[in-house]
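Tertiary structure, described
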Amino acid sequence: MRQNKFLVFFDEKTSEHVLRIMKKLSKKFGGVVHLVYVKDIDYYPVEVLLEAEKSYKSLKKSGLKLAEDLAKKIKELGFDQVHTDFCMGHHSEIEYIKDKSPDFVIDLRYS
């Protein structure tokens, strides 16, 4: 089975969709999955950004917990490795794509 690199962006509303898609893909592909929980923010006023920074740790903790739970289920589907990460903001995915050079990018935010 060919080893592929999957880069999966998701949020709290789409984690079940990730699992369904990865279940279908696991029947034909193996490889490494990079799960990235994304918390998009569109706030630009400094006051709002400072407030968001205060809650960043809490958001990161809950996002990584969701990603870790999902990673366990995906690993049970037969993928070799599942890595998790958290990012805030709309443009972070570009850096992940450059850094990971995935074979497949699955973006399930806003689904």
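Everything below is about the structure printed above this text.
Report follows, based on the coordinates. (Residues numbered from 1 in each chain as written. Predicted model: local features only at pLDDT ≥ 70, side-chain atom pairs only at ≥ 80, totals over all residues. Heavy atoms only, no water.)

This next bit is on the overall build of the chain. In terms of helices and strands, the chain carries 3 helices and 4 strands. Secondary structure elements of the chain, listed N to C terminal, follow the sequence β-α-β-α-β-α-β. The buried share of the chain, taken over its 111 residues, is 38%. Intrachain contacts of the chain at a sequence separation of at least 6 include 83% that bridge at least 24 residues. (Helix = DSSP H or I, 4+ residues; strand = E, 2+ residues; numbered from the N terminus. Buried < 20%, exposed > 50% of the residue type's maximum accessible area, 1.4 Å probe, protein only. Contact = heavy atoms within 4.5 Å.)

With that out of the way, let us pick up helix α1 (residues 15–26). Compared with the 16 Å implied by 1.5 Å per residue over 12 residues, the 16 Å span of α1 between its first and last C-alpha is a close match. For α1, the set of buried residues is Ser15, Val18, Leu19, Met22, Leu25 and Ser26. Burial along α1 is one-sided: seen end-on, the buried residues are contained in an arc of 130 degrees. (Expected span 1.5 Å × (residues − 1). Arc of directions from axis to C-beta.)

Bringing the sheet that holds strand β1 (residues 3–10) into the picture now. Across the sheet, 4 strands lie side by side as β3-β2-β1-β4; this open sheet has parallel pairing. Each of the sheet's edge strands pairs with one partner strand only, and the pair in question is β3 (81–88) and β4 (104–107). Mean inter-strand twist for the sheet, computed between neighbouring axes without regard to direction, equals 15 degrees. With 8 bridges connecting them, β1 and strand β2 (residues 30–39) associate as parallel partners. What sits directly across from lysine 5, in β2, is valine 32. Sheet contacts for α1: β1, β2 and β4; angle to β1, the most-contacted strand, approximately 165 degrees. (Pairing = 2+ DSSP bridges. Axes fitted to C-alpha atoms, helices over the stretch in contact; angles between N-to-C directions.)

This part is about the nonpolar core. Core analysis: the largest hydrophobic core is formed by 20 residues, its most contacted members being Val18, Met22, Val33, Leu35 and Ile74. Discounting chain neighbours no more than four positions away, the residues touching isoleucine 74 are Val18, Leu19, Met22, Val33, Leu35, Phe79 and Val82. Core analysis: the second largest hydrophobic core is formed by 6 residues, Leu7, Phe9, Cys87 and Tyr96 among them. (Core = buried A, V, L, I, M, F, W, Y, C linked by side-chain atoms within 4.5 Å.)

Below, the discussion takes up the packing of aromatic side chains. Applying the stated criterion across every chain, the model contains 6 aromatic pairs. Seen from their ring centres, phenylalanine 6 and phenylalanine 79 are 5.5 Å apart, and the 85 degrees between their planes marks the pair as edge-to-face. Within this pair, whereas phenylalanine 6 is found in strand β1, its partner phenylalanine 79 is found in the loop between α2 (46–76) and β3, the two being separated by 73 residues in sequence. A relative accessible area of 0% places phenylalanine 6 in the buried class. The exposure class assigned to phenylalanine 79 is buried, which follows from its relative accessible area of 3%. Cation over ring: arginine 109 sits above phenylalanine 9, and NZ or CZ is 5.6 Å from the ring centre. (Phe/Tyr/Trp six-rings, centres within 6.5 Å; stacked < 30°, edge-to-face > 60°. Lys NZ or Arg CZ within 6 Å of the ring centre and 35° of its normal.)

Along the polypeptide, isoleucine 97 turns up in helix α3 (residues 92–100). Spatially, the C-alpha atom of isoleucine 97 lies 7.6 Å from that of leucine 7, the residues being 90 residues apart in sequence.

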